[in-house]
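# A structural walkthrough
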There are 2 protein chains.
Amino acid sequence: MTDKDIRRRTIHDVAKAAGVSISTASNALNGTGRTNAETRERVKRVAKDIGFRPNALARSLLTKRSHAIGMLTNDTYGRLTLPMAAGVSEVLVDQGLSVFLCATNNDPRLARLHLEALLDRQVDGIIFTATRLDLPPPIELSKLPIPVVYVFAEGPSDHISFVPDDAHGARLAVEHLKNSGRSRILHITGPDDYVAVRRRANAYRDSVGEGAEVLYGDWSEEWGHFAIDAVFSRTGEKPDAIFCGNDEIARGVIDALRDKGIGVPNDVAVIGFDNWEVIAKQTRPPLTTVDMELKELGRRAGLAILALAAGEDVDTGTTRLPCSLVVRKSCGGEL
Amino acid sequence: MTDKDIRRRTIHDVAKAAGVSISTASNALNGTGRTNAETRERVKRVAKDIGFRPNALARSLLTKRSHAIGMLTNDTYGRLTLPMAAGVSEVLVDQGLSVFLCATNNDPRLARLHLEALLDRQVDGIIFTATRLDLPPPIELSKLPIPVVYVFAEGPSDHISFVPDDAHGARLAVEHLKNSGRSRILHITGPDDYVAVRRRANAYRDSVGEGAEVLYGDWSEEWGHFAIDAVFSRTGEKPDAIFCGNDEIARGVIDALRDKGIGVPNDVAVIGFDNWEVIAKQTRPPLTTVDMELKELGRRAGLAILALAAGEDVDTGTTRLPCSLVVRKSCGGEL
DNA sequence: GTGAAAGCGCTAACAA
DNA sequence: TTGTTAGCGCTTTCAC
């Protein structure tokens, strides 16, 4: 077996085998120019027969479209980034776009390394994802020669960003609680230096009105536990519903309530935020929670990059995508 | 601003600006051939000044090395794939290699779409990752013209595979249990059609010897709960330690024990498997568990691909990488 | 309708 | 030490 045998077939091989010139072969294969229908079919058949696959590198070099995009992510591949990446990939793969995944670990050196590699590879665009809305990218992304889209991160106002509508998610939760007859709704959430936490808390306050109370803490089960201990050991009226800032807190809340012999959802209804299934499906009872539709976020970003790369105009600014409520038993499921 | 202004600088621009030919510029920039030190420095400085960055596409077309690899994954970006991807990326980024992430969702159509795209892009190698050791890839990977490495999946024996050493992990757990004075150790695990489950169970039996008992179920907290209910309601001697097949089961076990008023670790010690932090850190008490060193698995795969792509010989076959034990309070932490 | 030729940006013989 | 030349595999005018 010689090198020639193992070498990939080129368009030269196709042309020779079909008895046409390479330009005709190219035209036939791509449906460009004018080609006799019969020749076209023959060329295509020959190409298939000898296993020809075009070299994407050569094509890109010429067309200046690499059909690849880079996804720069801030976190160590967390649970947020991945559903989004799946969404991105989902809309791109059928268009023949591939995705470079670059984990920056929030390290500027790594970020610049990845960014330069992406630029050198002539990617058609970059999607930047974070794990937090209010953290700037570890590297300047605002004046690149290619389109940049932000997901779960807010870029400059002349760029395109997709984020979950936290306020909408919070309203969804509170309305559902109200509709199931609850009136004393407490909000136990994460650190108030998160913009998402403040947005959710504000929406909660607007929706609950009189009697709204927000307890800020960290993102842990332990905090949920602690908060319930505190709330139920103080005097005065007790809540009949808890809206939690994330599922981990909610799990702590549910566990603490059970420890106290307080029934969920009968005595106190609980709603979480994130729909992180490993938690939400396993609480007892399973957790009703707000889903941020991460995959849809990714899908939208992919679509935006696609349009941008095709030279179309896309509205700039931040798009807040609606959340959805996943109803399980901790509030309102199978009442 | 004309097109020329926005066009990326090419090696021509560098050559012109430095007053040399493009081959000299190329040599100077890459340190190849013989170049006068002074010219070399001048060229480099000029390149930097005008913001020259080599076009990776053009370079790859010529050198036949794309410095990109594809990572084909079986699952919807689960918790296993990502730490591995991080490991892969970690060893490759400094070598200038980028990673295409391709989620196949175990769908043959998607898998072939991605595979073809990767091949067309002339990737230097492919890493296939699964979520289960005994699931074949959704597409034939064994006779590709480029290196293929399997991680958390076992390829054909003439290929290279890296998997966690399940037996070692199980022994680690059982030995730790024994060392902390336990003698009646029970194993509650997942479905026995998983090869990993059988390997762990066998190692457990070998290590425990007399009195070994394995309870197979599914991978849920619920099953852990159920199993404990069953075991502690039957007559006869009760276990003083439980080795669980994964962290979710372990969490169910710990919750069930607490419900029964059985102290962990005092009455019964518990060890899990996976070190999935969202669970393991949040059980009460926090879970001692076996870590499969997923990132290291990825790192090794990245190194293997690197060597293979460089034409070096690498031993074929399956390498089982040792697990590690993460000691928290459910057994032996801060005794 | 088809083919010859130029060239994308770069590297690598080889000549000078 | 440097420059000239060919060419990677492909697309794309532009004659024929």
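Model, not experiment: these values are computed from the prediction.

## Section: the protein's contact with DNA strand D
Contacts to DNA strand D come from 25 residues, most closely from A:Ile11, A:Leu62, B:Ser23, B:Arg34 and B:Thr39. When atoms of DNA strand D within 4 Å of the protein are split into backbone and base, the sugar-phosphate part holds 57%. Taking A:Asn55, its main chain carries an N or O atom lying 3.0 Å from a phosphate oxygen of DNA strand D. At 2.8 Å from a phosphate oxygen of DNA strand D is found a side-chain nitrogen or oxygen belonging to B:Thr24. Within the residue set of the surface near DNA strand D, elements represented by two or more residues are α3 (22-30) and α5 (56-63) of chain A together with α3 (22-30) and α5 (56-63) of chain B. For the surface near DNA strand D, the leading source of residues is α3(A), giving 5 residues. Of the residues assigned to the surface near DNA strand D, the class counts are 9 nonpolar, 12 polar and 4 charged.

## Here's the deal with the UniProt feature "domain: HTH lacI-type" (unreviewed entry) in chain A
UniProt marks residues 9-63 of chain A with the feature "domain: HTH lacI-type" (unreviewed entry), using the numbering shown here. Its end C-alpha atoms 21 Å apart, residues 9-63 of chain A is made of 69% helix and 0% strand.

## What about the environment of B:Asp255?
Checked against the element boundaries, B:Asp255 lands in helix α11 (residues 247-259). Look at B:Asp255 and you get buried, because its relative accessible area is 3%. Considered as a pair, B:Asp255 and B:His225 are 30 residues apart in the sequence and their alpha carbons are 7.1 Å apart. If we skip the residues at most four places from it in the chain, B:Asp255 touches A:Arg251, A:Arg284, B:Glu221 and B:His225.

## Observations concerning the packing of aromatic side chains
We describe a pair of aromatic rings using the distance from one ring centre to the other and the angle between the two ring planes. Applying the stated criterion to the full structure yields 9 aromatic pairs over all chains. With a centroid separation of 3.8 Å and an interplanar angle of 25 degrees, the aromatic rings of A:Phe100 and B:Phe100 are classed as stacked. Linking A:Phe100 in strand β2 (residues 98-103) with B:Phe100 in strand β2 (residues 98-103), this pair reaches from one chain into another. Side by side, A:Phe100 and B:Phe100 carry an identical accessibility label, which is buried. The cationic tip of A:Arg79 hangs over the ring face of A:Trp276; the distance from NZ or CZ to the ring centre is 4.0 Å. The lysine or arginine in question, B:Arg132, covers the ring of B:Tyr194, its NZ or CZ lying 3.7 Å from the ring centre.

## Thoughts on the protein's contact with DNA strand C
If you check the shell around DNA strand C, you find 24 residues, and the closest are A:Thr24, A:Arg34, A:Leu62, B:Ile11 and B:Leu62. Of all atoms in DNA strand C that approach within 4 Å of the protein, 62% are sugar or phosphate atoms. Interatomic distance of 2.8 Å between a side-chain N/O atom of A:Thr39 and a phosphate oxygen of DNA strand C. B:Ser26 is positioned such that a nitrogen or oxygen atom in its side chain is 2.9 Å from a phosphate oxygen of DNA strand C. Elements with a contribution of two residues or more to the surface near DNA strand C: α3 and α5 of chain A together with α3 and α5 of chain B.

## Observations regarding the interface of chain A and chain B
At the interface, 48 residues of chain A touch 48 residues of chain B. Taken together, the connections running from chain A to chain B amount to 14 salt bridges. For B:Glu116, the salt bridge is made with A:Arg53, and the minimal N-O distance between the two is 3.8 Å. Joining chain A to chain B, the criterion identifies 28 residue pairs in polar contact (both at pLDDT 80 or more). Put simply, the parts of the chain that give the side of chain A that touches chain B at least two residues each are α5, α6 (81-93), β2, α7 (108-120), α10 (221-233), α11 (247-259) and α12 (277-280) of chain A. At 8 residues, α7(A) tops the list of elements feeding residues into the side of chain A that touches chain B.

## A closer look at the nonpolar core
A:Ile127, A:Phe162, A:Phe243, B:Ile127, B:Phe162 and B:Phe243 are the most contacted members of the largest nonpolar core, which has 94 residues in total. Leave out the neighbours within four places in its chain, and A:Ile127 touches A:Ile69, A:Gly70, A:Met71, A:Leu72, A:Val88, A:Val149, A:Val151, A:Ala301, A:Gly302 and A:Ile305. Grouped together as the second largest cluster of nonpolar side chains are 36 residues, A:Cys102, A:Leu119, A:Val148 and B:Leu141 included.

## A closer look at the relation of the copies chain A and chain B
Between chain A and chain B, the superposition needs a rotation of 180 degrees and an axial shift of 0.0 Å, giving an RMSD of 0.1 Å. The transformation relating the two chain copies, once decomposed into turn and shift, fits a two-fold axis. In terms of C-alpha distance to the rotation axis, chain A has A:Phe100 as its closest residue, with the C-alpha 2.2 Å off the axis. Interface overlap between copies is the fraction of interface residues in one copy that are interface residues in the other; for chain A against chain B it reaches 100%, indicating a shared surface.

## Side note on the sheet that holds strand β6 (residues 185-189) of chain A
As a general point, the strands of a sheet are linked pairwise by backbone hydrogen bonds and lie either parallel or antiparallel. Residues and elements named next belong to chain A. With mixed pairing, 6 strands are arranged side by side in an open sheet as β7-β6-β8-β9-β10-β12. Unpaired on one side and paired on the other, β7 (213-216) and β12 (324-326) mark the two borders of the sheet. For this sheet, the mean inter-axis angle between neighbouring strands, taken without regard to orientation, is 20 degrees. Those strands touched by α10 are β6, β7 and β8 (241-244), and its axis lies near 145 degrees from that of β6.

The rules we used
- Residues numbered from 1 in each chain as written.
- Chains lettered and ligands numbered in written order.
- Predicted model: local features only at pLDDT ≥ 70, side-chain atom pairs only at ≥ 80, totals over all residues.
- Heavy atoms only, no water.
- Near = heavy atom within 4 Å.
- Polar contact = N/O pair within 3.5 Å; in protein donor to acceptor, adjacent residues only side chain to side chain.
- Helix = DSSP H or I, 4+ residues; strand = E, 2+ residues; numbered from the N terminus.
- Nonpolar A, V, L, I, M, F, W, Y, C, P; charged D, E, K, R; others polar.
- UniProt positions renumbered as here; feature names shortened; annotations may be inferred.
- Buried < 20%, exposed > 50% of the residue type's maximum accessible area, 1.4 Å probe, protein only.
- Contact = heavy atoms within 4.5 Å.
- Phe/Tyr/Trp six-rings, centres within 6.5 Å; stacked < 30°, edge-to-face > 60°.
- Lys NZ or Arg CZ within 6 Å of the ring centre and 35° of its normal.
- Salt bridge = Lys/Arg side-chain N within 4 Å of Asp/Glu carboxyl O.
- Core = buried A, V, L, I, M, F, W, Y, C linked by side-chain atoms within 4.5 Å.
- Least-squares fit on C-alpha atoms with pLDDT ≥ 70 in both.
- Pairing = 2+ DSSP bridges.
- Axes fitted to C-alpha atoms, helices over the stretch in contact; angles between N-to-C directions.

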